[in-house]
Structures are given as structure tokens and as C-alpha cells.
Amino acid sequence: MRFEVTYTNPSLDGRSGEISRRLRTIAGADIGDVRIVDVYIIEGVSGIDAAILDGVFSDPIVQRIDASPVNDVEAEHFDFAVEITYRPGVTDPVAITARRALADLLDDRLPDTSHVQTARQYRIRAPRLSDAARQRIARALYNPLIQRETLIRRTEWISGVRFPLSYPHTVEPSPSTVELFDVAAYDEEALEALSKRRLLALNLDEMRAIRDYYASVRAERIASGLPGEATDVEMEMIAQTWSEHCKHKILNAKITYREGSKTETIDSLFNTYIRGTTEALRERCDYLRSVFHDNAGVIAFDDETLLCFKVETHNSPSALDPYGGAITGIVGVNRDILGTGKGARPIFNTNVLCFADPETADDEVPAALLHPREVLGGVHRGIIDGGNQSGIPVVAGAFLFDESYLGKPLVFCGTGGILPARIGGEGSWIKHVEPGDLAVMVGGRIGKDGIHGATFSSLALDESSPTSAVQIGDPITQKLMSDFLIEARDARLFKGITDNGAGGLSSSLGEMAELAGGISIDLDVCPLKYEGLAPWEILVSESQERMSVAVTPEAVDEFLALARRRDVEATVVGTFDDSGVVEVRSGGAIVGRLSLDFLHHGLPAMKLDAAWRPPERNETPLDSERAGTGGIGVGRSSKGELGTMLLALLAEANVASKESLVRQYDHEVQGGSVIKPFVGAASDAPSDGAVIRPRAGSDRGITVTHGICPRIGDIDTYEMAMCAVDEAYRAHIALGGNPDLTAGLDNFCWSDPVASADNPDGSYKLAQLVRACRGLADACSAYGVPLISGKDSMKNDARVDGRVISVRPTLLVSLLGIIDDVRRAMSTDFRTPGDLIYLSGVTRGALAGTTFERVRGVMLDTCPKVDPERAVGRYRVIADCIASGLLASVHDCSDGGFAVALVESAIGGRCGADIEMTRMPGYREAYGNERLLFDESPSRFVISVAPEHRDE
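Think of each chain on its own: its residues are numbered from 1, step by step along the sequence as written. The predicted origin of the model limits local features to residues at a pLDDT of at least 70 and limits the giving and counting of side-chain atom pairs to 80 or more, whereas totals for whole chains, interfaces and linings rest on all residues. Side-chain numbers come from the whole structure's heavy atoms, not from hydrogens or water.

**Student:** Any details on the nonpolar core? Residues and values, ideally.
**Tutor:** The nonpolar core is taken to be a set of buried Ala, Val, Leu, Ile, Met, Phe, Trp, Tyr and Cys residues, with the residues joined through side-chain atoms within 4.5 Å. For every residue, the accessible area obtained with a 1.4 Å probe (protein chains only) is divided by the maximum for its type, and the residue is called buried under 20%, exposed over 50%, and partly exposed between those limits. Membership of the largest hydrophobic core comes to 108 residues, with the highest contact counts inside it found for F748, L769 and L776. Elements are defined by DSSP. Helices are runs of H or I of four residues or more, strands are runs of E of two residues or more, and each kind is numbered from the N terminus. If one sorts the elements of this core by residue count, helix α23 (residues 762–783) sits on top with 12 residues. When neighbours within four sequence positions are excluded, F748 is seen to be in contact with L251, I274, L769, A772, C773, L776, K791, D792, S793, M794, T810 and L811. Counting 54 residues, the second-largest nonpolar core is a separate cluster that includes L200, I446, A550 and L594. Contacts are residue-level and defined by heavy atoms, with any inter-residue pair within 4.5 Å sufficient.

**Student:** Describe the pattern of salt bridges, with residues and values.
**Tutor:** By salt bridge we mean one thing: a side-chain nitrogen of Lys or Arg within 4 Å of a carboxyl oxygen of Asp or Glu. According to the stated counting rule, one finds 71 salt bridges in the structure shown. A salt bridge links R730 to D892; its shortest N-O distance comes to 3.1 Å. One end of the pair, R730, is in helix α22 (residues 717–734); the other, D892, is in strand β39 (residues 889–892), and 162 residues separate them in sequence. Among the residues examined, R730 registers a relative accessible area of 4% and is labelled buried. For D892, a relative accessible area of 5% puts it in the buried group. Overlapping salt bridges bring together D402, E403, E652, R711, D714, R808 and R854 as one network.

**Student:** Any details on the pairing of strand β25 (residues 581–586)? Residues and values, ideally.
**Tutor:** The element β25 is extensively covered by neighbouring structure, given that five of its six residues are classed as buried. Across six bridges, β25 lies against strand β26 (residues 589–595) in antiparallel orientation. Counted as the bridge partner of V581 is S595 from β26. Any two strands with at least two DSSP bridges between them are considered paired. Hairpin connection between β25 and β26: a loop of two residues separates the two successive antiparallel strands, and G587 in this loop has a positive phi of roughly 60°.

**Student:** Talk me through the sheet that holds strand β24 (residues 570–576); I want residue IDs and the actual numbers.
**Tutor:** Strand order in the open sheet formed by seven strands is β21-β23-β19-β24-β22-β25-β26, and the pairing between neighbours is mixed. Looking at strand neighbours, the two that pair on one side only are β21 (496–499) and β26, the edges of this open sheet. Each adjacent strand pair in this sheet contributes to an overall mean axis angle of 25°, direction not counted. Of the pairings in the sheet, the one linking β21 to strand β23 (residues 546–551) comprises four bridges and is antiparallel in character. Following the sheet pairing, I497 is matched in β23 by V549. Simply put, an axis is a line fit to the C-alpha atoms, just over the touching stretch for a helix, and the angle between two N-to-C directions goes from 0 to 180 degrees.

Here it is as C-alpha cells:
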């Protein structure tokens, strides 16, 4: 049976206006009215009609629901109509919720053979569009990787053509047999071919290590009744565990670094610069509880409460399916928080989203890539649905635009959580998995979606990238699971927990088995979305909304009973033991057995070469500084020229207001928001970050800030990293944060830094990575910011249409800080006419790698550089002034420099500002007006102070 839901007054459907605007950017003014119809297709359920479903599937105040066996609508409503539905096997989140609603409506009398599908229909008025233009419009409404479309023209409708009453929903089954590979007998060419054919993403050294392992255990395997050859289950589990995504092989490589005549060896960038920095700071940072070894870093908030924080990237899937990539990114990092320690509750989301310019000309986008406006629109909708439907506020973040993100967008998704300081008499960050415990999978079922996600994200994007890596998240299912698990945690019904992230059960149970000493997994009992999955697919599928927990046999009945009451599926899928192996069964037979030691510690370290050379830059003098004007800074641009440039900077994509996008996020849910994304008299000026109160009844709060400066990396990634840390830290200070209570996260997104015939400048990119790690370490050490977690994504290249598009080296530094009293939290807006305006910090006329340079379209000199020794003292003074109530507003100077920060504060306060440039720091060094106004030297603030506080 087919049911259609429409608005009685189409103007009330807010989606229509947004869709109309999107389509007009493609087809121009020829697009008229767009009406949206929500379609529900229900099979195998008798006794239902539109009257029964009214109020369940529709809002009877503004909508109507009709049974439409022949789709009998009036043809004058459209010139053509497009209907979009999901392909077989792809998660349909609305259908899942609809099925649950039907079960409630029918008192759980829903037949197992019943099926629910959804579709969305767009009825479009566009009488002058050609057939080719209509096809372009249809293509803009869906992603062919995961969806399919049906287009009907008005003339066809009049002649009797109708949309289907249902769509095929069966999935092509995979071969049920287990494939064997005699890797011990393979030569190197065969090893490389196997890795490529199965998308293992393993290099030759790694394949040799696998070959040697199977040669060493062949006799033992045969004696125990196993085949001597490797099974596909084993090969896929090794590939997942050894993927760049999971093992961070490049950050852990042994690197020979050359710079000029000097050569040195770095044994693991991670251990040297990231973990090493935190270990050096540990004694002075007594609030650290758990760093680097769990799903998120954990710090103390107060005596009763802990905080955790994690930021992940979802770049590759977002390039293929922007909506699915982003929503699975945000709900996936939510699960990282849920799987930290004994289980934390998510309390905020944050995201930093990097795209090519949405206004990029169509002919500049390779045919194999989605247009940046489609990527932006899909990712944005995914972030909205992932956060809003989960009841988790999006409190901070940024949008960043750069032409280098055309091949792959960078989608940074972050979540913070809260948990009691102690549970069951011990620290809540401690988890246990012991022999005899049962392995229980909780949440959504397993499907083909997300297969090879870990290995796929470890490769460059190209025309052959797998559609199976695409996933669709279902926040409603995850919300049910999350609430259930927090309830089970408080009842102490499980001992250990982790999420089914990259690699699914292979990853989660493989990691938990290390704590116990072994595990036996039974794939036959795993709940599936549909039949026809091969054993290896069940093991490594990354289908969403799933967690793995360790439950004692004594508690399992109570745990499963609570899950049933909360409408959450939970299944015992294995038993932990101390065998030293991971054993996988399917069809009653063993289909995989791997040594835990080999699986987790058998990966050979990469040996890489890095060679640094300062980049050659063809720098252009400013017009006012050309020969004959008297030297640097003597020439002065006119007021008109400066005003024109200031307006151009304010209109630049990275500076211009993102209010229309950010307003669609819910940042008020849970009621903890103090400083919001927009501040000021009309709440439309940007803030420097977020301040939230995580505990009701306490005035202690947290700040959430970010630093990201990729264009500075064109000159030197060391300075880029220093500036990123400084940006995140100074925003924390600007909000009123405690200088001594911070925790940082690093997220590296790089183009391939491994030299090869296809990547000849890999050694230079690796040198850039080395320098970025050094800059990160030096800045964090200077400011006392321990790094508690992080992530890296090292293959952000797209090889399409005979060209390679690589991202600029990008480091995102995210900072979680403590603010002692949220009542003292600062915002960026000027408050009162007559207040004094100060510029705090040193102006050096730095324009290279800045927004001003980007707008001018030429290379300029003097890169922004951090002077941490001077900055630290300044930050502490400003923190003391905020705590003493001496400051009216504080805004950090970042993109666009002093002038842009000044304008943003003035907009926030609806005030003007009278600035005497001869008093500005740097004027006496004879910097020109452009350098004074648009310089992006770090560690600076625009501050306003009431006149009565001037002397103090």
C-alpha cells in the first residue's frame, strides 16, 4: 500500500523554499514552485488505511495523508516530478522509525514478513526547461551511489504513467563460501595484486609479513583442522586492523628527516611529538585521567565529574555521499564518547567543515566529483540531522573554503561527553574485559553498508572507490541505544564497552579481546538487516548505531531484558577467553583464527624519507610599497581603497557570516549553552567559541574552541601548527577560560606523504608533516596544553580525469578548557558607546598566508609567527583582567586581522568605532595602513574597556 503526505498549504513546507533556491542555482529563474511529497510504502500489513495513519505519519493540523494506489494528483501541480528512494540494502532511517511507529500502533502485531519503504517526491513547476535540464535537476536531488530516481513528465502523467507502488528491496547475496589464499606461496607480484584486488590497502612489506606469518603457522593450522591457507575472513580482519585509519602507520613510522646538510632519525612522530608532549606536561596537568588509549581523552572537570572529548574525520565517505558521510561522522563520534571508559553521555557536538568554494564554475569540477555546492549542502544536512535528531547541541565549529578541498572535503566531527568521576568504587575511565565475559552487540543490525570503510579511507579517492563504503546513520535508533546503555551503566550491568567504528565487530571485539587475552566470535548469531552476507562481510561491516559490550554471564539476562524493555536489540555474539587468539566461526565451522599478538603487534613499521626545503615564492610588493614610495610602510593607501578592501575581506567566503547555515543547528538543547555561536545586541556577530555549563547548579563551565590555518602551511607548516594552537588557546582566553586548565586534540589531514612513482613529492609532504608535529609540540609545551586524543587522515587526494587534486596540509587543533565562573564569560560584542578600544599584542605586518593575500590573489611577504614567550604573559594578564571584571568585551584577531575583528565587534554591539591608527602597535615601525589593518600576526585581541577601568 502506498501513502502520500502533503501540506494542505504548500507555503508552510520550509523545505520547499530551500530546494527551490538550490535548483535555481542549477537551472536559473526557470524553476518555479517546488512541492514535496513524503511517500510511505507498506507491504505485508493488512487492515491499515490513511485514516488510521493520520496523526502518526502526518501532522493533521497542516498536512493530509492519502492512500494513492494510482498516484491520482492533479497534473497542473507540476511540469515534471522526480521521486527518490534508497537502493536495496541502504539504511532508510525514516522507514526504521515508521516501522517502529507501526508496531506501536498495532500493539506489536507487525508481521516479520512486512516491509516499510519511504520515498520523497518533488513536483516541480518549470515549463520552459529542456529534457536535458530536467535530468540535471533530477541528478541534483539524489546520490546515485545510494539512491535511485524516477522522473515523470506532465505529458506522461496525463497519458497514465504513474510512480511505482513499491520498489525492489532485495539485496544481491554474496558468495557464502569462504575464499582461501595460499599467501605463504605467493611471490611479491601476487601479494601486491591480492592487496589491490580485495582493497586491503596494504603495502608490500605488510603483505610479506602476512606471508611469513602463514608460513610459520601452516603446520599448526593443519594439525588443528584449519586450512593451511589464509581465509578471506582472516585477510580482511588483518587489513582492517592494519589500516592507516586504525594504526596511524605514517605517524608511527621511522622517518629519516633531511634539512639542508643535517640528517636525523625520528622513531614515531606520535611518540616523539604528541604523546611525548603530554608526558612532559603530565606532572603539571594533574587533571588528566585517560589519554590516547581509549575512544576519547578524559580529564577531570571537578571532584564529582569527568569530561571527555574526541574529534574524528569523515572525509572519504563524505566525498562519495556528503549526507551519509557527515551524518555517520557525527553519530560515529557520539559513539566514541559513549564507548569511553565505562560509558559517557554526549553533551555537545562541534564540527569544522572544509570545502572548495560553492561558487566554483561547473566546468572546473571533474566529472567524477560532486560539485562543492552539493558537497556543502549534503554535509551540512548530515550534520544537522546527526546532531538535532540525537538531542545533542552543536555549540561551536567553523566553515572553511579553499580550492584544494575540491577533491576531498575535510569533515571534522567532534563530541564532548560527561561521566561521573567514579562508578562502582573505581575511576569511571577504567574498563574491564575478562575471560568468561560475554561479547554482546547492541543496537542496529549488520548490512553491506560500510564494508571496507577503514581500508577505503586509507587510500586516495578515484573512479573505482567502492560504493559499499557509504553508510547512512540513523540518529533515532542511536538515541534509543545511547539512553539504554547509560541506564545499563548506572545499573552496573556491563564491564567494558567500545563502539563498532571502523571495521565493525572486527575492530571492536578485536580490541576488547586484547584486554581479556582472546575471544571466540560466532557470526551465525549476528543480527543481519537481510540474508546473503558473506562471513567476512558480517565481521568487518561498519553498519551504524552499534556498540560492543562485555557482560558477565550472571548479568546477561538482566542486561538483555532491559534492552528489550527499551526497544534496543542486543545479542550475545561471542565469549572472551585467554586463548591468545581471535577465533571466528560461521556455519558451525571455524573460518578464522589469528594470533592476537600478530594481529595487534605484527605490523612492520614503515621506513620513510622526508626532505625539507623552504618553498620558492614569487612574492609581490604591495602597491603602496613599490619602489619609489620610500620603502616598506611609508606609502599609505587612501581611505577609499582601504574601505573597498575591508568590504572585500568581509565578503570573502571564510570571513563572511555563516549565520544562515549555523542557525539550522540546535545549540540550545540540553540547556547548557552560555556563549553561543552568535552574540551581540541582535545575536548576529560571531563568537570566538562556545561556553557551556555541563552541570546544573554549578557555575563552573567549559570552553570549546578551534584553531586551523592551512594557508600558512604554504610557507611553513611549523608556523601553521604554532598558529593553530595559538588560535585555539587565545580563543579560550578570550572567552574567559583558565589559562592552566586546557586539553587539546590534534587532527592532521594530509595529502599522501609517502614517496612513490605516482607521488614524487611525497618526501616533501612528509617533511611538512614533521615540521607540523614539531610546531604542535612546541606551542603546546609553551602554553601548557596537553594533547589527550587526536586523529590523522593521510590520503586526502583525488585521482580523477587524469589529474591529482590534493588538500593543503591541514591541522585542526581543538581545545577543551575550563572556565572557573561562567558568569564572567566574555563575548566579542562592544557594549557601550564611549568605551575605550584596545589592541593587545604585537603587530608585525604579516600578510603571507592570510585572508588579505587570498583576496589580493598574489603572494605576499612575512608569515604570521607565534612568539609564545611573550604571548603567555599577555594571556595571563588578560585572564586576570577578565576574572576581575575589568573588560567589557574581548575578540581575538584571526582571519582578516584587526580590521575584521573590529568590524565584527562593532556589528555585535551595533556601535561605531573611532580608531586612531597612529596609536596602533606597529605604526612606529612604519608599517603601511594595509599591514596595520589586515595583518594576521597571532596572539592579539581587540578589547573594549569602560572609561572608569582605564587606569586599573
